[in-house]
Each structure stands twice: as structure tokens, then as C-alpha cells.
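Examining the three-dimensional arrangement
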Amino acid sequence: MKLDRILPFARKLLTLAVSPGDIVIDATIGNGHDTLYLANLVGESGHVYGFDIQQSAIDQTVNRLSEAQALSRATLYKESHDKISTLLPASANHKVTAAIFNLGYLPGGDKEIVTKPDSTIAAVEQILEMMPPEGIIILVIYHGHEEGAYERDALLKYVTTIDQQYAHVLNYRFMNQQNNPPFILAIEKR
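What you see as residue numbers is a count from 1 along each chain, following the sequence as written. Residues qualify for local features only when their pLDDT is at least 70, as the model is predicted, and side-chain atom pairs are given and counted only at 80 or more; totals for whole chains, interfaces and linings, by contrast, use all residues. Just so you know, side-chain values use all the structure's heavy atoms and leave hydrogens and water out.

A closer look at the packing of aromatic side chains
To pair, rings of Phe, Tyr and Trp, with the six-membered ring standing in for Trp, must have centres within 6.5 Å; the planes then decide the type, stacked if under 30 degrees apart, edge-to-face if over 60, and tilted in the middle. By the definition in use, this model includes 3 aromatic pairs. Summarising the aromatic geometry, the rings of phenylalanine 51 and tyrosine 77 are spaced 5.0 Å apart at their centres and angled 20° between planes, so their arrangement reads as stacked. Here tyrosine 77 lies in strand E3 (residues 74–77) and phenylalanine 51 lies in strand E2 (residues 47–51), a separation of 26 residues in the sequence. Using a 1.4 Å probe on the protein chains alone, a residue whose accessible area is under 20% of its type maximum counts as buried, one over 50% counts as exposed, and one in between counts as partly exposed. Under the relative-accessibility criterion, phenylalanine 51 is labelled buried at 0%. Classification of tyrosine 77 as buried rests on a relative accessible area of 17%. Seen from their ring centres, tyrosine 172 and phenylalanine 174 are 6.0 Å apart, and the 75° between their planes marks the pair as edge-to-face. What counts as a helix is a DSSP run of H or I of at least four residues, what counts as a strand is a run of E of at least two, and both are numbered from the N terminus.

Looking at the sheet that holds strand E7 (residues 183–189)
The strand order E3-E2-E1-E4-E5-E7-E6 describes an open sheet built from 7 strands, whose pairing is mixed. Here the strands that pair on one side only, and so sit at the sheet edges, are E3 and strand E6 (167–172). Between one strand axis and the next, the sheet turns through 15° on average, direction left out of account. One requirement defines pairing of two strands: DSSP has to find at least two bridges between them. As paired strands, strand E5 (residues 136–141) and E7 are joined by 6 bridges and run antiparallel to one another. Counterpart to isoleucine 136 in the pairing with E7 is glutamate 188. Helix-sheet contacts for helix H5 (residues 117–130) involve strand E1 (23–26), strand E4 (96–103), E5 and E7, and the interaxial angle to E4 is about 170°. Here an angle of 0 to 180 degrees is reported between the N-to-C directions of two axes, which are lines fitted to C-alpha atoms, with helices fitted over the stretch in contact. The contact criterion used is simple: two residues touch if any of their non-hydrogen atoms lie within 4.5 Å.

Some remarks on the nonpolar core
For our purposes a nonpolar core is just a set of buried Ala, Val, Leu, Ile, Met, Phe, Trp, Tyr and Cys residues, chained together by side-chain atoms within 4.5 Å. Ranked by internal contacts, the top residues of the largest apolar core, which has 31 residues, are Ile25, Leu88, Phe101, Ile127, Ile137, Leu139 and Ile187. If you list the elements that add at least two residues to this core, you get E1, E2, E4, H5, E5, helix H6 (146–159) and E7. Here this core gets 6 residues from one element, more than from any other, and that element is H5. Once residues within four sequence positions are removed from consideration, phenylalanine 101 is found in contact with Ala27, Thr28, His81, Thr120, Ala123, Val124, Ile127, Ile137, Ile138, Leu139 and Val140. In this structure, Phe9, Leu13, Val42 and Ile138 belong to the second largest nonpolar core, which totals 25 residues.

Some thoughts on H6
How far a helix is expected to stretch is found by multiplying one less than its residue total by 1.5 Å. Taking 1.5 Å of rise per residue, 14 residues should cover 20 Å, and H6 covers 20 Å from first to last C-alpha, within 8% of that figure. Within H6, burial applies to Gly148, Ala149, Glu151, Arg152, Leu155, Tyr158 and Val159. Tucked into the core, H6 has its buried residues touching E4, H5, E5, E6 and E7.

Examining the pairing of E1
The alternating pattern of E1 places Ile23 and Ile25 and Val24 and Asp26 on opposite faces, both of which are buried. Every crossover in which the path from the first strand over the helix to the second runs clockwise, viewed with the strands pointing away from the viewer, is termed right-handed. One crossover worth recording links E1 to the parallel E2 by way of helix H2 (residues 33–42), and it is right-handed. The sheet contact formed by E1 and E4 spans 4 bridges and is parallel. Opposite isoleucine 25, over in E4, you have alanine 99 as the bridge partner.

Section: H5
With 14 residues, H5 ought to run about 20 Å at 1.5 Å a step, and its terminal C-alpha atoms sit 20 Å apart, in line with that. Taking burial as the measure, the 14 residues of H5 include 10 buried ones, the bulk of the element. Turning to H5, its buried residues are Pro117, Ser119, Thr120, Ile121, Ala123, Val124, Gln126, Ile127, Leu128 and Met130. On its buried side, H5 packs onto E1, helix H4 (84–87), E4, E5, H6 and E7.

By themselves these figures say nothing about function.
Set out below in C-alpha cells:
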């Protein structure tokens, strides 16, 4: 047996949760890797809603989706993920089966522009409201910088307050690695 590394484990969770025709969210599209992965999982009949506050992230994701002929499966918003409930169409309500966040800063981008715990927690709460039972939210937490450590602590505190009758919370991490390796919080709605 071999333990999955963090990103392969996140993708395994997405693969288990998402079926063709589903509605999913990439809450931090970054360079578009997860957006494309989700677009392939939902297929022609599903849809991905992606969010990022940086135009460079939107541009890179559009290019990645276009090259893979998957752009029609996605709607991208240059907005904070805490606007999800106001931007998603009403038809998505109670149909969002999965969402992923990669928290921290845009790889290769401005390291001063980072995700913030207040907007992340607000987005998680909004998405949970839009999910049917067994929907999953995956938070990949990069905490090797000051703002990332602050967000990590706030999220760990927040998820412990989620009623276990409402959702299950999993913390998946390697405990003996150096240099603050990323880890996953996975929230499955009950």
C-alpha cells in the first residue's frame, strides 16, 4: 500500500464525488489545473463555476480550458469566492456536488495577494448550503507563509465548530514532513 500525496488524494476525493452532469465549484482557480480536472469529470452535460480575484488566473484558466476544448463547460468569475451564493444561478441550488479550494497565493503570481479566512469560511458556509447530502468541499491548505498560517489556524478552529450531524470533517496530512507541507480539510455534508 502507498499513501496518496496531498494533491492526488484531493483528486481521488473529487473523482469519488463527481459524476458526469454534476455542478461543481473551483473556488480558487489559480492556474486552472483543478478547473480542467473538474470539467473533465462533469463532462459535456455538467458545469464548473470558477472563482479568482486575479485576472492572470482567469486568463490562464481560459487558455487551459480552451486548449482542452472544455471552455464551454465552465463559467469563470473574477470575484472573491465569498460571492458564490449571489453569482451562481438559482438552478445550481442543492446541486453542487463538490468544491475545491487551493488556499494561499497564486503559484507564480504576486505572493502579497492571498486567500483570507473570513472570505474562505463565508464561501464554505455558502457552498454547504448549496450542496445535497454527500457533497464534498476540499480545502488544500498551504500554510508555509505568515498569512497562510493565520488562515490555517482560523479554518482549523472553524471546522471543529461544524455540527457532526450536519457534516463530517476529515484532516489529511503528513505529520513528519518538514517545511510546512500542505494538508487537506475535507468537509462532507450529511
